[in-house]
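Structural overview for review
Take a look at the letters that make up each chain.
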Amino acid sequence: TLQIVTPGSNTSLIQPGFSLLHFGSHVFYLGQKGWPKRSCPTGVFLLDLKNNELKLRPTTFTNDSCYLPPLRHPAVCSFPVSQGGEITQYLIHGGKTPNNEISHKLYIMATAFPVNKRVSLCCSEKDLAGDVPEARYGHSMNVVFSRGKTAVVMFGGRSYMPLNQRTTENWNNVIDCEPLVYLIDLQFGCSTSFNLRELQDGLSFHVSLARNDTVYVFGGHSLGNNFRPPNVYKIKVDLPLGSPAVSCTVINSKLSFSSSIATQTSPDEFVIVGGYESDSQKRLTCNGVFLDDETIDIQEIETPDWSGEIKHSKTWFGADMGKGAVLFGIPVDNKHQSTDCGFFFYVLNFGDNDPALQTCSQGSTEEQEDSMPLEDSEEFTFNSDGNIFDEDT
């Protein structure tokens, strides 16, 4: 189903390159336009989709959290406690800041539930040692499981030219990062790079899917030769007691795209939607991807009934909301410039659930946040030891 949603409070902060983090029924937005204001200093918002209206609500962080800048096009991946378990953490690496600086930092985001039941976030920075990946954006991260151990696989992306190669004319030029595969041990913060002969070109804005000990990389764009390879790169990771091993197999898929979005509809099934077939051609087809222990099956699936605005717009962007739903944005055309927000927003749902239900809001206690708080206001919370008050009281 494809459903247009009405922009509500704070949606003017949404811009291309945003990310969504979904913890259970809560979906959080990262990557706001510009630097945060004092009235909402965190730059991370709860995505509230209720009564067909899209709102961004300011989110609180725990006191021991580090600062997380609003990052566009970072690599984001979920980190479950156990294989196939509930998502409890997200890893966020790289991305562009509003100053167009590229981050090299790795953050870990988790949820915290204080006594007043309102969800808060906890963000910490993870230091890496060894072959530390350079600052980049448009890359991917995935968590793999092998022999009872876990590791993070990072690949691709773009970065600025090295300082010693920059001139006044090319100061802001970006180049492909080297096509290295990074394996990160989060427990010890150790990063190891692997140079695989099957990966010759740098890639960015690709789709990566993980199952057990394998990461599948689809599509992407290589700046060096302006190419979108019609390949799937199957990266397999082995984590024995000694040194880890990484291998790569190339599978020809005949799919060539970049900047697409993947959403998971079941444990072994994914949908790839959106993106571009070339610099000037949007990709309006959708593909189902079915993974098992050794094989991958890619099928074209029924295309949504795209609206006229989507078909005719030159650009579109979005992110995975979880549970088979995707949030899309397209620029508002000149006829609708009177709107406060510069984009139309749609929810595309491949799952069984109503997307308005799965991005559950936090109830009536949040309604007061429709109006921005005063600059110097403080928030007070009253709790009862006996828990005699429910959340809506």
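Each remark here, short or long, concerns the structure printed above.
First things first, this report covers the structure right here in the doc. Quick caveat, the model's predicted, so the values are computed rather than measured.

Turning to the overall build of the protein, a few remarks are in order. Within the protein one finds two helices and 29 strands. Considering the protein as a whole, with its 393 residues, one finds that 50% of them fall into the buried category. As presented, the protein carries roughly 19,100 Å² of accessible surface, and 49% of it is formed by carbon and sulfur atoms.

So, about the nonpolar core. By size, the foremost hydrophobic cluster in this structure holds 22 residues, and its most contacted members are Leu20 and Leu327. Among residues more than four places away in sequence, those in contact with Leu327 are Phe18, Leu20, Leu47, Leu54, Phe317, Gly318, Ala319, Met321, Phe345, Tyr346 and Val347. The next biggest cluster of nonpolar side chains, apart from the first, holds 18 residues, and it includes Ala151, Val153, Val215 and Val246.

To continue, consider the packing of aromatic side chains. Centre distance and the angle of the planes are the two values used to describe a pair of aromatic rings. According to the stated counting rule, one finds 10 aromatic pairs in the structure shown. Seen from their ring centres, Phe18 and Phe317 are 6.0 Å apart, and the 85° between their planes marks the pair as edge-to-face. Residue Phe18 is located in the loop between β1 (2–7) and β2 (19–23), and its partner Phe317 is located in strand β27 (residues 317–322); the two are separated by 299 residues in the primary sequence. Its relative accessible area of 5% is what places Phe18 among the buried residues.

What follows covers the sheet that holds strand β17 (residues 207–211). Strand order in the open sheet formed by four strands is β17-β18-β19-β20, with antiparallel pairing between adjacent strands. This sheet does not close on itself; its edge strands, each paired only once, are β17 and β20 (245–252). Strand-to-strand twist across the sheet, computed as the mean angle between neighbouring axes with direction ignored, equals 20°.

What follows concerns the side chain of Arg211. The topology assignment puts Arg211 in strand β17. Only 2.3 Å separates the side chain of Arg211 from the side chain of Asp268, close enough to count as a polar contact.

Burial within strand β25 (residues 286–291) is extensive, with five of its six residues counted as buried. Two strands pair when backbone bridges link them, and strand β22 (residues 269–273) and β25 are joined in this way by four bridges, in the antiparallel orientation. Bridge pairing links Phe270 to Val289 in β25. With six bridges joining them, β25 and strand β26 (residues 296–301) adopt antiparallel strand pairing. For Phe290, the partnering residue across the bridge sits in β26 and is Asp297.

About the cut-offs
Residues numbered from 1 in each chain as written. Predicted model: local features only at pLDDT ≥ 70, side-chain atom pairs only at ≥ 80, totals over all residues. Heavy atoms only, no water. Helix = DSSP H or I, 4+ residues; strand = E, 2+ residues; numbered from the N terminus. Buried < 20%, exposed > 50% of the residue type's maximum accessible area, 1.4 Å probe, protein only. Areas by Shrake-Rupley, 256 points an atom, 1.4 Å probe, with all protein chains shown as cover. Core = buried A, V, L, I, M, F, W, Y, C linked by side-chain atoms within 4.5 Å. Contact = heavy atoms within 4.5 Å. Phe/Tyr/Trp six-rings, centres within 6.5 Å; stacked < 30°, edge-to-face > 60°. Pairing = 2+ DSSP bridges. Axes fitted to C-alpha atoms, helices over the stretch in contact; angles between N-to-C directions. Polar contact = N/O pair within 3.5 Å; in protein donor to acceptor, adjacent residues only side chain to side chain.

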